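Geometric and topological summary
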Amino acid sequence: MKKRVAVLISGRGSNMAALIEAAKSADYPAEIALVVSNRADAAGLAHAGEQGITTALIDHREFGDDREAFERALDDTLRAHRIELVCLAGFMRILTPWFVGRWSGRLLNIHPALLPQFKGLDTHRRAIEAGAKRHGATVHFVVTELDAGPIIAQEAIDVRNDDTEAALAERVLELEHRLYPRALRAVAEGRAKLGGGRPDDD
Ligand code: GRF
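Below is a short write-up of the structure. Remember, predicted model here, so these are calculated numbers, not experimental data.

1. A few points about the overall build of the protein chain
Secondary structure assignment for the protein chain yields 6 helices and 7 strands. Each helix and strand of the protein chain, placed in order from N terminus to C terminus, yields the pattern β-α-β-α-β-α-β-α-β-α-β-β-α. For 202 residues, the compact-globule formula gives about 17 Å, and the C-alpha radius of gyration of the protein chain, at 16 Å, lands near that figure. By principal-axis analysis of the C-alpha atoms, the protein chain measures approximately 50 × 40 × 35 Å. For the protein chain, with 202 residues in total, the buried portion stands at 49%. Long-range pairs, those at least 24 residues apart, make up 62% of the contacts in the protein chain between residues at least 6 apart in sequence. On the protein chain, roughly 10000 Å² of surface is accessible, and the fraction owed to carbon and sulfur atoms is 49%. Distance between charge centroids for the protein chain: 3 Å, based on 27 positive and 30 negative side chains.

Structure follows, in structure tokens:
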């Protein structure tokens, strides 16, 4: 049985699109059963709809400052669709310990840097400013501390001497589109587990 996956987005959704594409393969162990956005104007929502994927909009602004009320609505939607794994893909909301605990071991995120380096925002600019020779992306399990969960898969590229933030971002994004499907496969097949030691080197 394929694992039922929800992808959470806030914007462009190119990683979401890569996951949808990968999940079209008959032998892929997961299906993208739902795409949820917290923003109506997320470009990824329209793309998911065109691909025939069920979409949901849960606008965080309707819940004011009550983060947990927003997350309860999100959790209810995920459960209503019998979701087993959740992939954050450019989802720009920090999740509370309540939500993270509820989905522990079943919640993945992609971060555009070689964690534990460059947690947080503006990773490509910071990598260039630091003179990093290698940079890349990481898929990890989400824990309450931001960008700190156990690493599932990571891939690096060289930083060129003349790299600009935009050029580097473009090459990392290309890499992300290979990495996320590979990491989700490892989790869906049970090869990568939270607290299960180091995942297979794939
Ligand atoms: C990606 O760089 C991802 O690593 C980061 O946010 C960006 C989302 O891009 N978390 P997209 O919406 O998947 O195109």
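This is not the end of the story, as more comes after the structure.
2. Considering the sheet that holds strand β1 (residues 3-9)
Taking strand neighbours across the sheet as the criterion, the 7 strands line up as β3-β2-β1-β4-β5-β6-β7 in an open arrangement whose pairing is mixed. Both edges of this open sheet fall to β3 (55-57) and β7 (151-158), since each of them pairs with a single strand only. On average, adjacent strands in this sheet sit at an angle of 20° to one another, irrespective of strand direction. Along the sheet, helix α2 (residues 43-50) contacts β1, β2 (30-37) and β3; its crossing angle with β3, the most-contacted strand, is approximately 150°.

3. Some thoughts on the nonpolar core
Counting residues in each nonpolar core, the largest one holds 39 residues, and the members touching the most others are V7, I32, V35, L108 and L184. Among the nonpolar cores identified, the runner-up in size contains 21 residues, and A56, A73, F91 and L107 belong to it.

Basis of the calculations
- Residues numbered from 1 in each chain as written.
- Predicted model: local features only at pLDDT ≥ 70, side-chain atom pairs only at ≥ 80, totals over all residues.
- Heavy atoms only, no water.
- Helix = DSSP H or I, 4+ residues; strand = E, 2+ residues; numbered from the N terminus.
- Rg over C-alpha atoms; globule rule 2.2 N^0.38 Å.
- Buried < 20%, exposed > 50% of the residue type's maximum accessible area, 1.4 Å probe, protein only.
- Contact = heavy atoms within 4.5 Å.
- Areas by Shrake-Rupley, 256 points an atom, 1.4 Å probe, with all protein chains shown as cover.
- Lys, Arg positive; Asp, Glu negative; His and termini not counted.
- Charge placed at Lys NZ, Arg CZ, Asp CG, Glu CD.
- Pairing = 2+ DSSP bridges.
- Axes fitted to C-alpha atoms, helices over the stretch in contact; angles between N-to-C directions.
- Core = buried A, V, L, I, M, F, W, Y, C linked by side-chain atoms within 4.5 Å.

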